[in-house]
Amino acid sequence: MRTIIEPFRIKSVEPIRMTNRQERTSFLEKAHYNLFALDSENVIIDLLTDSGTSSMSANQWASMMRGDESYAGSPSFDRFHKAVYKLMPFTNIIPTHQGRAAEKILFSIIGKPGKYILNNTHFDTTRANIEFTGAEAIDLVIAEGKIPNLVHPFKGNMDIERLEAFIKEKGAENIPLVMLTITNNSGGGQPVSMENIKQTKYICMKYDIPLFMDACRFAENAYFIQLREPGYENVAIIDIVQEMFSYADGCTMSAKKDALVNMGGWLAMNNPEWAEAARNLLILTEGFPTYGGLAGRDLEAIATGLEEVVDQDYLHYRISSTQYLADHLTAAGIPIVRPAGGHAVYIDARSMLPHIDPLEYPGQALAVELYLNAGIRACEIGTVMFGLQMDGSEKAAPMDLVRLAIPRRVYTQSHIDYVIESLLEINQNKESLKGMKIVWQPKQLRHFSARFLPMNCECQQKENFIKAFQQEEQEETV
Ligand SMILES: *Cc1c(COP(=O)(O)O)cnc(C)c1O
């Protein structure tokens, strides 16, 4: 059969509240055209993120019932530990409440001014946690990884030559750690090949530097290796995963991605001194080492999720549905980052809307139109997110993308068809889309709270907006 179906039946449903364009227009105005400010109940299809939005299986819910909430030595920790160890056999596995908590602890131990952490591409929380210690976060992804429409099977690969050159230049003693982010989220969810993992490990061994994985989407990465890397066609996912981690000395993990749960994470490593320091910090901020910021039931859900995520049929469906969306958009001439990543499709809004200047936020304009048109929420990853400079000035980001992140096991093919239809409709009238302007913004991380107005906005509406805003400001200062 060529038709790929969701490899699950639906036992429990969550109703979607349908809205019309008129309602959405008013919701958007109230949210000041910032999609983060929408009530999620007013979103029909939510593609804002794949993080923590997975649907849990009946088995995971059943596992939660046997969660043991003992403060110390809970059997739920044993099950969690066994499940993680089976895939990632590190001698120390330390649960945390999410990925960034693992990062915070790891970099508090090894980061300080004068140190460098090298990665294919740092995820934003990883970079922020490194920079917070005074260390520098250096991205060394291959050149192909930065060209949106260039097709390459492993665009997340580390640039091995630049890696070695950097180590030689700065000295191995100043590089406590090299990391590989699998898949490379900030680079479009692109995978890293087994060959590249091995080469990275080889360089690390040569200079005696530990290699850590940012393991959030390890199962999706393993599936891409099976799909695209010669020699792995007939290797089972679990064997690929075990091989991937056999080259690593530790990892950070957000269970909100490939552990198929809504909250959780861990830090794992072989170095016993680092692990001891990590457990000491863990007790300060997360909890005792056998629960680390999680309830016993959360540990159970992770343990079961890890068994399910390495299932061949699940991964086939997962990657195929992302691919299905990407193929339809490409066929309609909508420019996207190619090839499609594991967890998301990224639309190149700057190329799609060349009549909108980057400083009038083509990504935001497209994301807003997608909500107005069909109640779909996506995420701008471009000048709104990255354009604000330290000195308050503004610069176009390297790309203006709109990310359609696909939650795991949540939407069916007909939901994806609905997304495709909406984007095709918008594409046909794309010349009518207007840019946006920012009328208020905070000093940093503005994408979460900035307020926008469309460039074609009626004057009356503008006045109302400014009045309402001034009133709110007054109320806040009171
Ligand atoms: C989500 C993510 C993180 C951070 O994890 P949280 O659970 O959100 O704190 C780190 N690295 C990558 C690659 C991620 O995708």
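Let me begin by describing the structure that accompanies this report. As the structure is a prediction and not an experimental result, all values here were calculated from the model. (Residues numbered from 1 in each chain as written. Predicted model: local features only at pLDDT ≥ 70, side-chain atom pairs only at ≥ 80, totals over all residues. Heavy atoms only, no water.)

**What about helix H1 (residues 21-30)?**
Working step 1: Buried within H1 are the following residues: Arg24, Phe27 and Leu28. One face of H1 carries all of its buried residues, which in axial projection span an arc of 100 degrees. Away from the buried face of H1 by more than 90 degrees, exposed residues Gln22 and Lys30 are located.
Working step 2: Among the residues of H1, the N-terminal cap falls to Asn20, whose side-chain oxygen and the backbone nitrogen of Gln22 are separated by 3.1 Å.
Working step 3: Positive phi appears at His32, one or two residues downstream of H1, with a value of about 55 degrees. (Buried < 20%, exposed > 50% of the residue type's maximum accessible area, 1.4 Å probe, protein only. Helix = DSSP H or I, 4+ residues; strand = E, 2+ residues; numbered from the N terminus. Arc of directions from axis to C-beta. Polar contact = N/O pair within 3.5 Å; in protein donor to acceptor, adjacent residues only side chain to side chain.)

**Things to note about the site of the ligand**
Working step 1: With respect to spatial proximity, 14 residues lie near the ligand, and among them Arg100, Asp214, Arg217, Ser254 and Lys257 are the closest.
Working step 2: Between the ligand and the protein, one listed contact pairs an oxygen atom with a side-chain N or O atom of Ser254 at 2.7 Å.
Working step 3: Within the side chain of Lys257, a nitrogen or oxygen atom sits 2.9 Å from an oxygen atom of the ligand.
Working step 4: Alone, the ligand offers 380 Å² of accessible surface; in the complex the protein occludes 98% of this.
Working step 5: When residues in the shell around the ligand are grouped by element, the largest group, 3 residues, is from helix H4 (residues 99-110).
Working step 6: Looking at the shell around the ligand, its residues break down into 2 nonpolar, 6 polar and 6 charged. (Near = heavy atom within 4 Å. Areas by Shrake-Rupley, 256 points an atom, 1.4 Å probe, with all protein chains shown as cover. Nonpolar A, V, L, I, M, F, W, Y, C, P; charged D, E, K, R; others polar.)

**As for the pairing of strand S6 (residues 211-214)**
Working step 1: Alternating positions in S6 separate into two faces, Leu211 and Met213 on one and Phe212 and Asp214 on the other, with burial throughout.
Working step 2: Both strand S5 (residues 177-181) and S6 contribute to a ladder of 4 bridges, which runs parallel. Its bridge partner lying in S6, Leu180 is registered against Met213.
Working step 3: The pairing of S6 with strand S7 (residues 250-254) spans 3 bridges and is parallel. Bridge pairing links Asp214 to Thr252 in S7. (Pairing = 2+ DSSP bridges.)

**Some thoughts on the sheet that holds strand S11 (residues 379-381)**
Working step 1: Taken together, 3 strands build an open sheet; the order of strands is S9-S12-S11 and the sheet is antiparallel. Strands at the two margins of the open sheet, each flanked by one partner only, are strand S9 (344-348) and S11. Going across the sheet, the axis of each strand differs from the next one's by a mean of 30 degrees, ignoring polarity.
Working step 2: As defined by bridge partners, S9 adjoins strand S12 (residues 401-405) across 5 bridges and the pair is classed as antiparallel. Bridged to Val345 within S12 is Leu404.
Working step 3: Relative to S12, helix H14 (residues 362-374) is tilted by about 40 degrees, and along the sheet it contacts S9, S11 and S12. (Axes fitted to C-alpha atoms, helices over the stretch in contact; angles between N-to-C directions. Contact = heavy atoms within 4.5 Å.)

**A word on the sheet that holds strand S3 (residues 116-119)**
Working step 1: The mixed open sheet is built from 7 strands, whose spatial order is S2-S8-S7-S6-S5-S3-S4. Both outer strands of the open sheet, strand S2 (92-96) and strand S4 (136-139), are each paired with one neighbouring strand and no more. Strand-to-strand twist across the sheet, computed as the mean angle between neighbouring axes with direction ignored, equals 20 degrees.
Working step 2: With 5 bridges joining them, S2 and strand S8 (residues 265-269) adopt antiparallel strand pairing. Paired with Asn92 across the bridge in S8 is Met269.
Working step 3: Across the sheet, helix H3 (residues 75-87) lies against S2 and S8, angled at about 120 degrees from S2, the strand it touches most.

**Quick word on a nonpolar patch on the surface**
Working step 1: On the surface, Phe36, Leu445 and Phe448 cluster together into a nonpolar patch covering about 300 Å² of accessible area.
Working step 2: Residue placement: Phe448 occurs in the loop between strand S13 (436-440) and strand S14 (451-454).
Working step 3: When its relative accessible area of 46% is taken as the criterion, Phe448 is described as partly exposed. (Patch = residues over 30% accessible without salt bridge, like charges linked within 9 Å, V, L, I, M, F, W, Y side chains within 5 Å. Salt bridge = Lys/Arg side-chain N within 4 Å of Asp/Glu carboxyl O.)

**Re the pattern of salt bridges**
Close approach of charged atoms allows side chains with opposite charge to pair.
Working step 1: This structure, assessed with the given rule, holds 19 salt bridges.
Working step 2: For the salt bridge of Arg409 with Glu308, the shortest nitrogen-to-oxygen distance reads 2.9 Å. Note that Arg409 is positioned in the loop between S12 and helix H16 (413-428) and Glu308 in helix H11 (residues 296-309), a separation of 101 residues in sequence.
Working step 3: By relative accessible area, which is 13% here, Arg409 ends up buried.
Working step 4: Note that Asp400 and Arg350 form a salt bridge whose closest N and O atoms lie 2.7 Å from each other. Of the two residues, Asp400 is situated in the loop between helix H15 (383-386) and S12 and Arg350 in helix H13 (residues 349-352); the sequence distance between them amounts to 50 residues.
Working step 5: Relative accessible area serves as the criterion here: at 24%, Arg350 is assigned to the partly exposed category.
Working step 6: One connected set of salt bridges, linked through shared partners, spans Asp50, Arg217, Glu220, Asp258, Arg318 and Arg408.

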